[in-house]
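Below are the chains, spelled out letter by letter.
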Amino acid sequence: MKAAILVEQNAPLVIGEVEIPKLDVGQVLVKVKYSGICGSQLDEISGKKGKDLFLPHLLGHEGSGVVIDVGLGVNKVKEGDHVVLHWMKGSGINSFPPKFMWDGAMVNAGCVTTFSEYTVVSENRVTPIPTDIGFDVASLLGCAVTTGLGIVFNNANLKPGQSIAVFGVGGVGLNVVQGAVLVNAYPIVAIDIYVHKLKQAMAFGATYRVNATYLEDVEVWISRGFDVVVETTGDRNIRQMAYEFTGNKGKTILAGVPHHQERITIDSFPLHFGHQIFGSHGGDTQPDIDIPRYIQLYKLGKLKLDEQITHRYSLDKINKAIDVVRKGLAGKCVIKMGKMKA
Ligand SMILES: [Zn+2]
């Protein structure tokens, strides 16, 4: 099968023919239909989290597909089931990572990878979904949507009428906006440097947009003291600014991945009086419980998924797709496995 392999950091992925391993206990073989690309993969490629000790390896952590076969002990899904592939752990066996072979040597993979035509994943990284959900939108439920909504519902516990500001309204941030709309937060302020992302945030229900390219626009809002401020970029200055934007008893939630050598500086005194700051781990998503709920909202027309996908590429063009995401040009960019027109 064809797979995109990270062979070297800060270099294009290599498209290679990888052997599918025999299934081990708790593993599931999935024919991948769609994979999303998210900031995490860009960070893995660029080495933002540090030196990569697992090269060469497969990557991608949000996707959708059809179950082809299951290993011993798997009872959560069966052959033919449609599934979301997600990076957060759900119910089921946490299997050993699969042992893929490429060019006569081992290529590493975690418990879930999605940049390939087929994948072997751990039982606890799949959630079955109804067959009437498009595989394209289903792939977004593997990370971007669940993280963004989880930040609002699980981490922020945002209440109707509370105010929220979101720094960076890309994949995750746009879904924070969407979650804030669902709970009737007010105002919902979207902050970004990309005009098209701000426009999309408004279409998703943001109350105001602030173009962070013009700092004075941002400063107008500093005195607002938001109940919740979410930061999705990982940028040091923006993380600090998110903290400053937060009200005395508010919550600052850091969702972006910071550079491994960067540190932030904050005035810690407000922490004594109710200000909270913490990092989000995938919005504390429980895939088995949350994904079906979100699918229900989607079917009711209350959750926008189709509108998030702005770019589609085949696996052969994955490096082009990664470039588009890196340059901030995409809303959500998905990789379709197989022929584009199929
Ligand atoms: Zn992700």
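Structure first, text after, so check above.
Residues numbered from 1 in each chain as written. Predicted model: local features only at pLDDT ≥ 70, side-chain atom pairs only at ≥ 80, totals over all residues. Heavy atoms only, no water.

1. Observations regarding the sheet that holds strand 13 (residues 208-211)
Then comes step 1: Spatial ordering of the open sheet is given by 13-12-11-14-15-16, a layout of 6 strands whose pairing is parallel. The open sheet has two edge strands, strand 13 and strand 16 (276-279), and neither has a second partner. Neighbour to neighbour, the strand axes of the sheet diverge by 15 degrees on average, direction disregarded.
Then comes step 2: Sheet analysis places strand 11 (residues 164-167) next to strand 12 (residues 188-192), joined by 4 bridges and oriented parallel. What sits directly across from Ile 164, in strand 12, is Ile 188. (Pairing = 2+ DSSP bridges. Helix = DSSP H or I, 4+ residues; strand = E, 2+ residues; numbered from the N terminus. Axes fitted to C-alpha atoms, helices over the stretch in contact; angles between N-to-C directions.)

2. Quick word on the coordination of the zinc ion
Then comes step 1: Each protein donor to the zinc ion is listed here as Cys 38 (SG), His 61 (NE2) and Cys 143 (SG); together their distances run 2.0 to 2.2 Å.
Then comes step 2: Along the chain, the residues that donate to the zinc ion are spaced as C-x22-H-x81-C. One end of the pair, Cys 38, is in the loop between strand 3 (27-36) and helix 1 (39-46); the other, Cys 143, is in the loop between helix 2 (135-139) and helix 3 (144-156), and 105 residues separate them in sequence.
Then comes step 3: Note on Cys 143: relative accessible area 5%, which makes it buried. (Donors = N, O, S within 2.8 Å, 3.2 Å for Na, K, Ca; no water. Buried < 20%, exposed > 50% of the residue type's maximum accessible area, 1.4 Å probe, protein only.)

3. Observations regarding the packing of aromatic side chains
Then comes step 1: Under the definition given, this model contains 4 aromatic pairs.
Then comes step 2: Centre to centre, the rings of Phe 269 and Phe 273 are 5.1 Å apart; their planes meet at 70 degrees, and the pair counts as edge-to-face.
Then comes step 3: For Phe 269, a relative accessible area of 51% puts it in the exposed group.
Then comes step 4: We classify Phe 273 as partly exposed; its relative accessible area is 48%. (Phe/Tyr/Trp six-rings, centres within 6.5 Å; stacked < 30°, edge-to-face > 60°.)

4. Concerning the nonpolar core
Then comes step 1: Within the largest apolar cluster, 30 residues are counted, with the highest numbers of intra-cluster contacts made by Leu 13, Ile 37, Leu 85, Ile 318 and Ile 335.
Then comes step 2: Put simply, the parts of the chain that give this core at least two residues each are strand 1 (2-6), strand 3, helix 1, strand 6 (82-85), helix 9 (318-326) and strand 18 (332-336).
Then comes step 3: If you look at the next biggest cluster of nonpolar residues, it comprises 22 residues, including Ile 151, Ala 185, Ile 188 and Val 230. (Core = buried A, V, L, I, M, F, W, Y, C linked by side-chain atoms within 4.5 Å.)

5. Some thoughts on the sheet that holds strand 2 (residues 14-19)
Strand pairing in a sheet relies on backbone hydrogen bonds, with the paired strands running either antiparallel or parallel.
Then comes step 1: Ordered in space as 4-1-2-7-8, the 5 strands form an open sheet in which the pairing is antiparallel. Strands with a single pairing partner mark the edges of an open sheet, and in this sheet they are strand 4 (57-58) and strand 8 (105-107).
Then comes step 2: Pairing between strand 1 and strand 4: 2 bridges, direction antiparallel. Across the sheet, residue Ile 5 finds its bridge partner in strand 4, namely Leu 58.

6. Some thoughts on the packing of helix 3 against helix 8 (residues 287-299)
Then comes step 1: In the contact formed by helix 3 and helix 8, the axes pass within 11 Å of each other and the chain directions differ by 100 degrees. Taken together, helix 3 and helix 8 sit at an angle that is classed as roughly perpendicular. Contact residues: helix 3 offers Thr 146, Leu 149, Gly 150, Phe 153 and Asn 154, while helix 8 offers Asp 290, Ile 291, Arg 293 and Tyr 294.
Then comes step 2: Residue composition of the contact of helix 3 with helix 8, grouped by class: 4 nonpolar, 3 polar and 2 charged. (Parallel < 35°, antiparallel > 145°, perpendicular 65-115°, else oblique. Contact = heavy atoms within 4.5 Å. Nonpolar A, V, L, I, M, F, W, Y, C, P; charged D, E, K, R; others polar.)

7. Brief notes about helix 9
What sets the pattern is the α-helix's 3.6 residues per turn: residues three or four places apart point alike.
Then comes step 1: Residues of helix 9 that are buried: Ile 318, Ala 321, Ile 322, Val 324 and Val 325. Each buried residue of helix 9 lies within a common arc of 160 degrees when the element is viewed along its axis, so the set occupies one face.
Then comes step 2: Against strand 1, strand 2, helix 1, strand 17 (309-314) and strand 18 lie the buried residues of helix 9.
Then comes step 3: Just beyond helix 9, the residue with positive phi is Gly 328, at close to 75 degrees. (Arc of directions from axis to C-beta.)

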